[in-house]
Amino acid sequence: MALAAEGADIIAIDRCADIDSIPYPLATKADLDKTVALVEARGRRAVPVIADVRDLDALRAGVQSGIDQLGDVDIVVANAGVVAIGLKDPLDEAVYRDIVDTNLNGVWHTIVATVPSIIRKGRGGSIILTSSAQGLVGRGGDGSAAMFAYAAAKHGVVGLMRSAANAYAQNNIRVNSVHPTGVATPMILNEFTATSMRDNPRGSSLSANLLPVPFVEAEDVTNAVVWLASAKARYITGATLPIDAGHTVM
Ligand SMILES: NC(=O)c1ccc[n+]([C@@H]2O[C@H](COP(=O)([O-])OP(=O)(O)OC[C@H]3O[C@@H](n4cnc5c(N)ncnc54)[C@H](O)[C@@H]3O)[C@@H](O)[C@H]2O)c1
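Since this is a predicted model, take the numbers as computed values, not measurements.

What counts as what
Residues numbered from 1 in each chain as written. Predicted model: local features only at pLDDT ≥ 70, side-chain atom pairs only at ≥ 80, totals over all residues. Heavy atoms only, no water. Near = heavy atom within 4 Å. Polar contact = N/O pair within 3.5 Å; in protein donor to acceptor, adjacent residues only side chain to side chain. Areas by Shrake-Rupley, 256 points an atom, 1.4 Å probe, with all protein chains shown as cover. Nonpolar A, V, L, I, M, F, W, Y, C, P; charged D, E, K, R; others polar. Salt bridge = Lys/Arg side-chain N within 4 Å of Asp/Glu carboxyl O. Helix = DSSP H or I, 4+ residues; strand = E, 2+ residues; numbered from the N terminus. Buried < 20%, exposed > 50% of the residue type's maximum accessible area, 1.4 Å probe, protein only. Pairing = 2+ DSSP bridges. Right-handed = clockwise from strand over helix to strand, strands pointing away. Axes fitted to C-alpha atoms, helices over the stretch in contact; angles between N-to-C directions. Left-handed = near helix turned anticlockwise from the far one by under 90°. Contact = heavy atoms within 4.5 Å. 1 Å grid on protein atoms, 1.4 Å probe; cavity = no way out; pocket = protein on both sides within 12 Å on 5 of 7 lines; lining within 4 Å. Points joined across faces, edges and corners; volume = space filled by probe spheres on them.

A.B. asks: Looking at this model, I keep getting lost on the site of the ligand. Mind explaining?
C.D. replies: Near the ligand there are 26 residues, and of these Asp 14, Asp 52, Tyr 150, Val 183 and Thr 185 occur at the shortest range. Within the backbone of Arg 15, one N or O atom sits 3.3 Å away from a nitrogen atom of the ligand. Note that an oxygen atom of the ligand is positioned 2.8 Å from one of the backbone N or O atoms of Val 183. Compared with its free state, where it exposes 820 Å², the ligand has 91% of that area covered by protein. In the shell around the ligand, the residues fall into twelve nonpolar, nine polar and five charged.

See below:
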C-alpha cells in the first residue's frame, strides 16, 4: 500500500493457503483481494497472483501475468516468510524444510523470476529482501529444527543479497536486506505463538529489544522498504539494514 501511495502499480503475490507444518494461519484469498482493493483506493493498479514462492515455475508464470498487464518491473520486495516459534522438536524435518524452502529458496526464486524484467526495462531497479534480526544474530535459538531453519534461512538471505548486489550492479540494480526484530503482524500475533511465548518467558526475554518496545510495527519496516526503493537511496546497495529497536547491538 505504501509503495502504491508513492505511485507504484503492484503485482501482489501470496500462496493464500496454510502450510501443514506451520502452526498458525497464513493469508487467505480474501486478504489478497483486500490488498488489491487498498492499492486501487490509492489510485494504482494491482494484479493479484496466487503462487507459492517455493514453486519457481508458478512464480515465474505469476510474475509474467503481472508484467503482461502492468509492464516490466522496477522494484521487488521478497517478503513471504514463515516461522514456527514454540515448535520444540529438534528433529522436525518437515518444518525445517518448509521454513528453508520458503524463507531462503523462495527469496532466490523471487530474484530470478523478476530480475530479467528489470534488466529488460533498462532503468535499473531496487530489490529488497526481508531477512530478520535472526539473519544477523542467533539470539532466541532453542535447539529446535524450526529455529535452526529460521536463523539459517534468514542468514542465507544475506548471502543472496550480497551475491545479487554484485551480480546486478552493472545493471544499476540495487539489492539490500531489511532485518526487523519482532513485528506486530499475524506471524507472531497468533494464538499458537502467544501461548508459546507465555510458556517460555526466558525465550521471550532473550529476544528482547534494547529500546523499551516489545515489537515494532509493520509500518516501521515499510518505511525502510519505501526508502530503499526510492531514489533517495540511489547509492545504497549491499546493505543489511536493522529495523530492530537495538536487538542486534552487540
Ligand atoms: N513478524 C515478525 O516478527 C518478523 C520479524 C522479522 C522478520 N519477519 C519477516 O517478515 C516477513 C513478513 O512476515 P509477516 O510478519 O508480515 O508475517 P505474515 O504471516 O503476516 O505474512 C507473511 C506472508 O507470507 C505468505 N507466505 C508464507 N509462505 C509463503 C509461500 N511459501 N509462498 C507465498 N507466500 C507465502 C503468507 O501467506 C503471508 O501473507 C517474513 O519474511 C518474516 O520472516 C517477520
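Still to come is the rest of the account.
A.B. asks: When you look at the pattern of salt bridges in this model, what are you seeing that I'm missing?
C.D. replies: Pairs may arise between side chains of opposite charge once their charged atoms sit close together. The tally for this structure, following the rule as stated, stands at eleven salt bridges. Close ionic contact of Arg 54 with Asp 98 constitutes a salt bridge, the shortest N to O distance being 3.0 Å. Highlighted residues: Arg 54 in the loop between strand E2 (46–50) and helix H3 (56–70) and Asp 98 in helix H4 (residues 93–121), separated in sequence by 44 residues. Two residues, Asp 72 and Arg 120, come together in a salt bridge whose shortest N-O distance is 2.7 Å. Here the residue Asp 72 occupies a position in the loop between H3 and strand E3 (75–78), and Arg 120 occupies one in helix H4, the gap between them amounting to 48 residues. Overall, Asp 72 belongs to the partly exposed group, its relative accessible area being 22%. With a relative accessible area of 51%, Arg 120 lands in the exposed category. One continuous salt-bridge network, built from bridges that share partners, spans Arg 15, Asp 52, Arg 54 and Asp 98.

A.B. asks: Even after reading the chapter, I still don't get the pairing of E2, so can you show me in this structure?
C.D. replies: Successive residues of a regular strand alternate their side chains across the two faces of the sheet. Two strands pair when backbone bridges link them, and strand E1 (residues 10–14) and E2 are joined in this way by five bridges, in the parallel orientation. Bridging across to E2, Ile 10 finds its partner in Ala 46. Where the polypeptide runs from E1 across helix H2 (residues 29–41) and back to E2, its parallel neighbour, the crossover connection is right-handed.

A.B. asks: Before we go on, may I ask you to explain the packing of H3 against H4 in this structure?
C.D. replies: Where H3 meets H4, the axes come as close as 9 Å, and the angle between the chain directions of the two elements is 30°. Where H3 crosses over H4, the two elements pack in a sense that is right-handed. Residues Leu 56, Leu 59, Arg 60, Val 63 and Ile 67 of H3 pack against His 109, Thr 110, Val 112, Ala 113, Thr 114, Ser 117 and Arg 120 of H4. By residue class, the composition of the contact of H3 with H4 is six nonpolar, four polar and two charged.

A.B. asks: What am I meant to see in the environment of Pro 90 here?
C.D. replies: Summarising the element assignment, Pro 90 is placed in the loop between E3 and H4. Judged by its relative accessible area of 52%, Pro 90 is exposed. The spacing of Pro 90 and Ala 145 is 55 residues in sequence and 4.6 Å in space, taken between C-alpha atoms. With residues near it in sequence (within four places) discarded, Pro 90 still touches Gly 143, Ser 144 and Ala 145.

A.B. asks: What is the right way to look at the layout of surface pockets in this model?
C.D. replies: Any empty space left between the atoms is revealed when a probe the size of a water molecule rolls over them. Of the voids in this model, the second largest pocket is the one considered here, and its volume is about 340 Å³. Together, 17 residues line the second largest pocket, and Ile 75, Arg 174, Ala 229, Ser 230 and Ala 231 are the ones closest to its centre. Contributions of two or more residues to the lining of the second largest pocket are made by strand E4 (125–130) and helix H8 (218–229). Its residues placed into classes, the lining of the second largest pocket shows six nonpolar, six polar and five charged.

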